[in-house]
Amino acid sequence: MASIVARGDRWQIQWMSWDHKRASRTVPGSYADAKAIAASLETEAARIRAGVSLPGSDRTVGEWVKEFLAARQTCDAKRERSYFRRHVLPQFQDRKLDSIEPIEVERWLRWLFAKKLSATSVRNIAVYFRVAYNRARGLGLCKKNPFDGVQLPEANVRAVQVLTPEEVRAILALPRSTLADYAAVLVCACRDGEARALRWECVRWQDHYLVIARQARGGGGAGGPDRRTKGKEVHHAPLPEVLAKILRERWERAGRPEMGWVFPGSRQRAGDSMGRVNYDSFQALMRQAGIARHVWPHLLRHTSNSAIVAVLGLEHGQRALGHADRRTTEKYTHLSPDLFARPSADALDAYVARPRQTELFAGPVVNRALTPSAASAAAASAPQDHSGKAPF
């Protein structure tokens, strides 16, 4: 029996596909429309299992891609459409879904490289195409995924960029507002979704850390935060003194609440957190801080990550940042621990207090992947004074 669950203004349908696997699909419209679609999906799955019809017997790649993209509601939807239009459909538009073999996928990957695309771009395009095939197989439109067993190219390692100490000081010195306070949390502690889902009961003033337990959905708004963090676990982010001062002032202005959102949304009766920040508003805030170069919200997190890892070392830095994979933390090992005077929650305070270091921190910073021996040496060289009560 299919289940139908509301997801904002859309409906998520879950049912048992023709190959006895759980399948999911999100559709717009009313509940009656979703119910009718669920019934048709179950009927089609039953017909395929009974051998009445063959999955994907008449569906072409072009037809399925059009339907797949129409149902996609992601922040990268425009990029996905461009990838399929420019790189997938010219080769496979009129092919039947079940007619494509793995050897043809490998030839297609070589064709993409011949177009002078980078390994990262080729991998991204292939991943989107593979996701479309996985969805088609889940819906019973094809029996196989031609990407099974195909080795995708490794993505190029991107250089990590950070703000200079002068730029961090400028952001923290902005006139206090919701957007300025949000930027301060990003540059000091956590990700965009985690900042928007931050609650007052998660701010541990005396212990100098933030409890990061949830993250807001991509668009924020209706429903508030409903997802676990990216690392799937609750973690504790250091609370620098510069951020503690800003949050305490915000807490005083809010009437010293014991619970509730640090950044509440406009729909208070629904208990919503703040929605995703408008790009133009964020760029205007950066210009107000005197930062002329392009700055995106996650760049602010790169700055605090780099400071924390430089001071705490890889092991403690991974736990403080909530990274499930150690290799993710290794991207932030480009700052020397010698540049910082104080450990733990004071990492960003020490970074901001540094004199001009533009020759060290401006622009892209070359990432250096650590070997196991180098990683151990870096962790051993980091200050080990963990006198604070933060559990990392």
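Refer to the structure printed above.
Residues numbered from 1 in each chain as written. Predicted model: local features only at pLDDT ≥ 70, side-chain atom pairs only at ≥ 80, totals over all residues. Heavy atoms only, no water.

## What to know about the sheet that holds strand β9 (residues 235-238)
Pairing within the open sheet is antiparallel, and its 3 strands lie in the order β5-β6-β9. Edge positions in the sheet fall to β5 (203-204) and β9, since each of these pairs with one other strand and no more. In terms of strand pairing, β5 meets strand β6 (residues 209-212) through 2 bridges, oriented antiparallel. Among the inter-strand pairings, Val-203 is bridged to a residue of β6, identified as Leu-210. (Pairing = 2+ DSSP bridges. Helix = DSSP H or I, 4+ residues; strand = E, 2+ residues; numbered from the N terminus.)

## With respect to helix α11 (residues 297-321)
The end-to-end C-alpha separation of α11 is 16 Å, well short of the 36 Å expected for 25 residues at 1.5 Å each. Where α11 bends most, at Gly-313, the angle is about 130 degrees. The element α11 is extensively covered by neighbouring structure, given that 21 of its 25 residues are classed as buried. Taken from the residues just after α11, Gly-322 is the one with a positive phi, measuring 75 degrees. (Expected span 1.5 Å × (residues − 1). Bend = angle between axes of the 7 residues up to and from the residue. Buried < 20%, exposed > 50% of the residue type's maximum accessible area, 1.4 Å probe, protein only.)

## Examining a positive patch on the surface
Residues Lys-78, Arg-81, Arg-85, Arg-86 and Lys-115 make up a contiguous surface patch of positive charge. Examined against the element boundaries, Lys-78 turns out to sit in helix α3 (residues 77-92). (Patch = residues over 30% accessible without salt bridge, like charges linked within 9 Å, V, L, I, M, F, W, Y side chains within 5 Å. Areas by Shrake-Rupley, 256 points an atom, 1.4 Å probe, with all protein chains shown as cover. Salt bridge = Lys/Arg side-chain N within 4 Å of Asp/Glu carboxyl O. Lys, Arg positive; Asp, Glu negative; His and termini not counted. Charge placed at Lys NZ, Arg CZ, Asp CG, Glu CD.)

## Considering the sheet that holds strand β3 (residues 22-27)
Hydrogen bonds between backbone groups are what pair the strands of a sheet, and the pairing can be parallel or antiparallel. Strand order in the open sheet formed by 3 strands is β1-β2-β3, and the pairing between neighbours is antiparallel. Strands at the two margins of the open sheet, each flanked by one partner only, are β1 (3-7) and β3. Between one strand and the next, the sheet's axes are offset by a mean angle of 25 degrees, whatever the strand orientation. Here 5 bridges tie β1 to strand β2 (residues 10-16), and the two strands are oriented antiparallel to one another. Bridged to Ala-6 within β2 is Trp-11. (Axes fitted to C-alpha atoms, helices over the stretch in contact; angles between N-to-C directions.)

## A word on unusual backbone geometry
Residues other than glycine seldom take positive phi values, yet Lys-116 does so here, at roughly 70 degrees. Here Lys-116 is to be found in the loop between α4 (102-114) and α5 (119-138). The exposure class of Lys-116 is exposed, given its relative accessible area of 76%.

Read these as geometric descriptors, not functional statements.
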